[in-house]
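One letter stands for each residue in the lines below.
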Amino acid sequence: MTYKSNSTLSKLETLAQVLNGVKFFRFIFFFYAFLSFVFWFLNCLEVEWLYLFTKLFILPVIIVRTFYVPEGVSADFTLAIVGGISLMLGFIFDFTVNQMYQKILILQEEEERRIQKKRLKRKKNIRPTIAPSEADIITSEPLENSKLIFLIQPHTNKIKRKENDLELTFQEVELWKQRVNKKLLENVSYSKPMQKGYYRKNLFLMYKDFNYVDDFVYYIKPTLDSIVLEFRRYGISISFSYVLSAIAKMETLEKELDCMDTILSLNFINDFIVTNRFKITYDNKATHQYSMLLKGEYNLSKNLSISNKQPLYSLSDRRTGKGE
């Protein structure tokens, strides 16, 4: 299940997909050029049945004949000229689309940096003491109806062996992220999530029983550590941002994922960040393997002109006193 954003970034992603798709049309020019050269060669051999295919070349031949008249020559090069023009148009079309595609990728990267820069300013909005908002207090829904949600974002960087090693390009970063997400999905298949998918390119898992949370956190940490070690062999350094939350009604899933996506943008690395909704639900459990340490209060509104301050917490193992 994938939710689409109406943001500028989403529009750029859609345009990039369209441009990537229309690259196919270059093969039409190349194929037409191939046919033109073949039929020109057969025409030189005076093959009689060629007249059956004249409709394929009527318009291009008329256009070429306005500039080229084959009088007084031993061979008619009209179809060869048509083939040459088609071949040239194919290369021009391919070059133009590739240039536009690269420009879109650059704009995507700039837009992501711009959004990231604005969101990081929210970290300055921390207050030491907080009170949960009414929107986050779960009072009417029974615990057994609550579901666990996990949203994760991998961060990929090239392990530089030399000083002049190049950074990963935007396309390479996206490719490695896809590989990490695929590996993660393979490794958590045993847990049989109720639902899985992508929200704004980030992988989410949902489990129908919130009480699975202790086991999930226990197993997901070594799973992520193993992925980090595996990709180091490819010269890629992996780190993660992840958020845990809870919902009681499926109708609120998209809204909750949107809030969690904003939390990911705060760039808490390798730290189990949980929402206030998660904390309230977890506190109502009969047993508590983990405690929650207050990280602070953050503005989680997508609209930077509107304040939506909410508390965020970090999971800590009660047995060791260490954060997860």
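Anyway, here's the lowdown on the structure attached to this text. Since this is a predicted model, take the numbers as computed values, not measurements. (Residues numbered from 1 in each chain as written. Predicted model: local features only at pLDDT ≥ 70, side-chain atom pairs only at ≥ 80, totals over all residues. Heavy atoms only, no water.)

## Brief notes about unusual backbone geometry
Turning to step 1, where the next piece is worked out: Residues other than glycine seldom take positive phi values, yet arginine 200 does so here, at roughly 50°.
Turning to step 2, where the next piece is worked out: Counting through the fold element by element, arginine 200 comes out in the loop between strand S3 (195-199) and strand S4 (202-207).
Turning to step 3, where the next piece is worked out: Using a relative accessible area of 28% as the deciding quantity, one classes arginine 200 as partly exposed.
Turning to step 4, where the next piece is worked out: Unusually for a residue other than glycine, asparagine 270 sits at a positive phi of about 50°.
Turning to step 5, where the next piece is worked out: Relative to the helices and strands, asparagine 270 is located in the loop between helix H7 (253-264) and strand S6 (272-275). (Helix = DSSP H or I, 4+ residues; strand = E, 2+ residues; numbered from the N terminus. Buried < 20%, exposed > 50% of the residue type's maximum accessible area, 1.4 Å probe, protein only.)

## Structural notes on the nonpolar core
Turning to step 1, where the next piece is worked out: Counting residues in each nonpolar core, the largest one holds 34 residues, and the members touching the most others are Phe150, Phe216, Leu244, Phe278 and Leu315.
Turning to step 2, where the next piece is worked out: Considering each element in turn, this core owes the most residues, 7 residues, to helix H6 (residues 213-232).
Turning to step 3, where the next piece is worked out: Counting residues in hydrophobic clusters, the runner-up holds 19 residues, among them Tyr199, Phe204, Met206 and Met260. (Core = buried A, V, L, I, M, F, W, Y, C linked by side-chain atoms within 4.5 Å.)

## Some points on the environment of valine 217
Turning to step 1, where the next piece is worked out: Relative to the elements of secondary structure, valine 217 occurs in helix H6.
Turning to step 2, where the next piece is worked out: Each C-alpha atom of the pair valine 217 and leucine 244 lies 9.6 Å from the other, and the pair is 27 residues apart in sequence.

## Digging into the pairing of S6
Turning to step 1, where the next piece is worked out: Residues Phe272 and Val274 point to one face of S6 and Ile273 and Thr275 to the other, with burial holding for every one of them.
Turning to step 2, where the next piece is worked out: Bridging between strand S5 (residues 236-247) and S6 involves 3 bridges; their strand directions are parallel. Bridged to leucine 244 within S6 is valine 274. (Pairing = 2+ DSSP bridges.)

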